[in-house]
Amino acid sequence: MRVITYGTFDLFHEGHRKLLERAKSLGSHLIVGVTTENFDDARGKLNVQQSLMERIQNVQASGLADQVIIEEYEGQKIHDMQKYGVDIFAIGSDWRGSFDYLQDYCQVIYLDRTEGISSTLLRKENLGVVRLGIVGAGRIANRFMTESLFVSGVHIEGVCSRTHESASSFKNKHQLKYATTNYADLLENVDAVYLASPHETHFEYAEAAIRRGIHVLCEKPLTLTAAEAVALFDLAREMNVVLVEALKTAFSPGFQRMVAVARSGSIGDIRSVDATFTKLEKGDLRELQGGAGGSISELASYPVLAIVKLLGGSYRSLTCYSHIPRTSEVDLFSRIDLLYPHALASARVGLGVKCEGDLVVGGTEGYIYVPAPWWKTEYFEARFEDPTRNKRYYYKFDGDGLRYEIAEFISLINGGQIETYKMRASESIAIARIIETARQEAVVFV
Ligand code: C2G
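Model, not experiment: these values are computed from the prediction. (Residues numbered from 1 in each chain as written. Predicted model: local features only at pLDDT ≥ 70, side-chain atom pairs only at ≥ 80, totals over all residues. Heavy atoms only, no water.)

**Here's the deal with the sheet that holds strand S2 (residues 29–35)**
Rules: We call two strands paired when DSSP finds no fewer than two bridges between them. The numbering of helices and of strands both runs from the N terminus, where a helix is a DSSP run of H or I of at least 4 residues and a strand a run of E of at least 2. Between N-to-C directions, angles span 0 to 180 degrees; the directions come from axes that are lines fitted to C-alpha atoms, helices contributing only their stretch in contact. Any two residues having at least one pair of non-hydrogen atoms within 4.5 Å are treated as being in contact.
Strand order in the open sheet formed by 5 strands is S3-S2-S1-S4-S5, with parallel pairing between adjacent strands. The open sheet is flanked by strand S3 (67–71) and strand S5 (107–111), the only strands paired with a single partner. If you compare each strand with its neighbour and ignore which way they point, the axes differ by 25° on average. Here helix H4 (residues 76–83) sits on the sheet in contact with strand S1 (2–7), S3 and strand S4 (88–92), set at roughly 160° to S1.

**Structural notes on the domain arrangement of the protein**
This is how the line gets drawn: Bear in mind that the domain bounds are from an automatic or database domain assignment. Buried surface area refers to the total accessible area, computed with a probe of radius 1.4 Å, that the two partners give up upon joining, counted for both partners together. By definition here, a salt bridge exists when the distance from a side-chain nitrogen of Lys or Arg to a carboxyl oxygen of Asp or Glu is within 4 Å. N or O atoms within 3.5 Å of each other form a polar contact, as long as, within protein, one can give a hydrogen and the other can take it, and as long as residues adjacent in sequence are counted only when both atoms are side-chain atoms. Side-chain classes follow a simple rule in which Ala, Val, Leu, Ile, Met, Phe, Trp, Tyr, Cys and Pro form the nonpolar group, Asp, Glu, Lys and Arg form the charged group, and the remainder, Gly included, forms the polar group.
Split by domain assignment, the protein resolves into domain 1 (2–111), domain 2 (119–246) and domain 3 (250–445). Placing the centre of domain 1 and that of domain 3 at their C-alpha centroids yields a distance of 40 Å. The interface is formed by 5 residues belonging to domain 1 together with 7 residues belonging to domain 3. Here domain 1 and domain 3 share an interface that buries about 480 Å² over both sides, 57% of which is from carbon and sulfur atoms. Together, Ala42, Leu46 and Asn47 form the three largest contributors to the area buried by domain 1 at its contact with domain 3, with a combined 66%. Between the two partners, domain 1 and domain 3, sit 0 salt bridges. Linking domain 1 with domain 3 are 0 residue pairs in polar contact (both at pLDDT 80 or more). Here the residues of the side of domain 1 that touches domain 3 are counted per class, giving 2 nonpolar, 2 polar and 1 charged.

**Let's talk about the layout of surface pockets**
Where empty space is left in the structure can be found by rolling a water-sized probe over the atoms. How we decide: Residues are said to line a cavity or pocket when one of their atoms sits within 4 Å of a point; the points come from a 1 Å grid over protein atoms alone, cavities being sets where a 1.4 Å probe fits but cannot get out and pockets being open sets with protein on both sides within 12 Å along at least five of seven lines. Grid points are joined across faces, edges and corners, and a volume is the space filled by probe spheres set on the points.
Approximately 1,100 Å³ is the volume found for the second largest pocket. Considering the residues around the second largest pocket, the lining is formed by 45 residues, among which Thr8, Thr35, Arg43, Lys45 and Trp95 are closest to the centre. Split into classes, the residues belonging to the lining of the second largest pocket amount to 14 nonpolar, 16 polar and 15 charged.

**Digging into unusual backbone geometry**
Residue lysine 220 is joined to proline 221 through a cis peptide bond whose omega torsion reads -10°. Here proline 221 is to be found in the loop between strand S10 (215–219) and helix H10 (226–239). Omega for the peptide link from alanine 372 to proline 373 comes to -10°, which places this bond in the cis form. As for its placement among the helices and strands, proline 373 is situated in the loop between strand S17 (366–370) and strand S18 (379–384).

Rendered as C-alpha cells:
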C-alpha cells in the first residue's frame with residue numbers, strides 16, 4: 001500500500017513526527033509532500049520561518065519518509081494520487097472533510113492531531129509576539145486591523161488618534177487594550193508602530209518612535225521631502241530599528257515577479273514605463289487641503305514605485321504638469337514625466353480625473369502589460385511582435401494586500417534585519433525625491 005501525506009512541516013515537531021509515524025503504519029511506502037514558499041503564500045500561510053530546503057531536511061531526518069516530493073500548486077494532490085499510484089491519502093484531523101474530494105482517487109484517512117503543539121505555538125515561543133500600536137483611526141487603519149489577522153506573530157495593542165472619540169470607537173470596534181490621544185503614551189507600550197496618520201505627521205511620528213528604538217511601518221508617502229526620508233533612514237540605521245514604507249504593491253508576489261520578468265531581459269532593454277493610478281474623490285476634500293494633499297502626494301507613490309523598481313532612481317530630468325482648478329487648493333490630476341539615460345517614464349495620477357489604471361513596460365523586444373488595477377498585481381502579460389511568444393502570468397493578491405507588508409515587517413523584526421529588498425531605503429528616498437520635485441516644479445493648468 002502506498003500512502004501519501006502533505007504539509008509545511010515548519011519547525012518540525014512532535015505533532016509532525018507522530019502524524020508521519022501513523023501515516024507510515026498505514027502502508028509500506030510513505031510519500032511526503034512538502035509545500036513550497038509560493039504555495040504557502042498562495043494559501044495564506046505567510047509566516048513560515050524555515051526555507052523549503054530546511055523543511056525537507058527535517059522530514060528526511062525523521063527517517064519516516066520513503067520519498068519526499070514538493071507540493072507547489074492548488075490541485076496538485078489529484079495529479080499526485082494518479083502519478084504515484086497512491087492507495088491512501090492521510091492528513092491531520094484539523095483538515096477533516098476538506099479532502100473528501102480525493103476519495104475518487106484513493107482512500108482518505110484523517111488522523112487525530114496531536115494536541116498542545118503546533119508550528120504557530122513554536123514560532124511564538126521562539127520569536128515572541130511583536131506588540132504593535134496603530135497611529136490614526138481612519139479607513140486605512142481599519143483595513144490594517146482586518147489584514148493583520150492573517151499574520152501570526154503580531155498583536156495590535158492600542159491606537160492613538162487625534163480625538164478621544166475616534167480613538168475609543170476604534171479601540172472598541174477592534175477590541176484593543178487601549179486608546180489614547182497621546183503619542184508618547186502609545187510608544188511606552190509597544191515594540192512597533194504603524195503610522196496611518198496624515199502625511200505631514202509621518203516624519204515627526206516616525207522620528208520619535210525610532211529614537212526610542214521602536215520599529216516603524218509607515219504609510220506612503222513616507223515623507224514629503226527626500227531630505228526627511230534620508231534623515232529617517234539614517235536614524236533607523238543608527239538605532240538599528242526597522243523602518244519600512246508601507247507601499248503595499250511592493251510586497252505583493254505578482255508585482256515582484258513582474259519586475260523580475262521585466263528586468264531579466266525577456267522584453268529586451270526597458271525603454272519606457274507608463275503607469276496610471278486614479279481614484280475619484282467625491283465630496284469633502286478638506287483632508288487633502290492645506291498643501292499636503294493632492295493627487296501627487298496621495299497617489300503618485302504607486303506609479304513612481306513601478307518606475308523606480310524598473311529604471312532606478314537616477315533620472316536625468318523631470319517635468320510635471322498639474323491640473324489645479326480655481327475651486328481646488330490641490331492638484332486633481334497630474335502627470336510626471338521622467339527622462340532616464342536610456343528610457344522615458346510617465347506617472348499619471350488623478351483624484352478628479354479618471355483614466356485607465358494600467359501599467360505598460362516597453363522594451364526593445366516586446367512589452368509587459370499589467371491591466372488595472374495593476375497595483376494589486378494578479379495578472380500580467382508579456383507581449384511580442386510574434387504573438388505565439390506571448391506569455392500570461394497569474395498570481396494571488398489576497399484581500400486588501402496589506403497582509404504581505406505586515407508579514408514582511410514582522411519577519412524583518414524577528415530576523416534582526418533592518419531592510420528588505422522588496423522596499424529598500426534607497427527606493428523610498430528616490431520616490432520621495434521625485435514626489436517632492438514634481439510638486440515643487442509642476443506646470444499648472446486650471
Ligand atoms: N499535525 C498534527 N498535530 C499537530 C500539528 C500538525 O497531527 N499538533 C499534522 C497536520 O494535521 C498535518 C501535518 O501535521 O497533517 C502537517 O502540518 P502543517 O505543517 O501545519 O501543514 P498543513 O498546513 O496542515 O498542510 O498541502 C498542505 C496540506 O494540505 C496541509
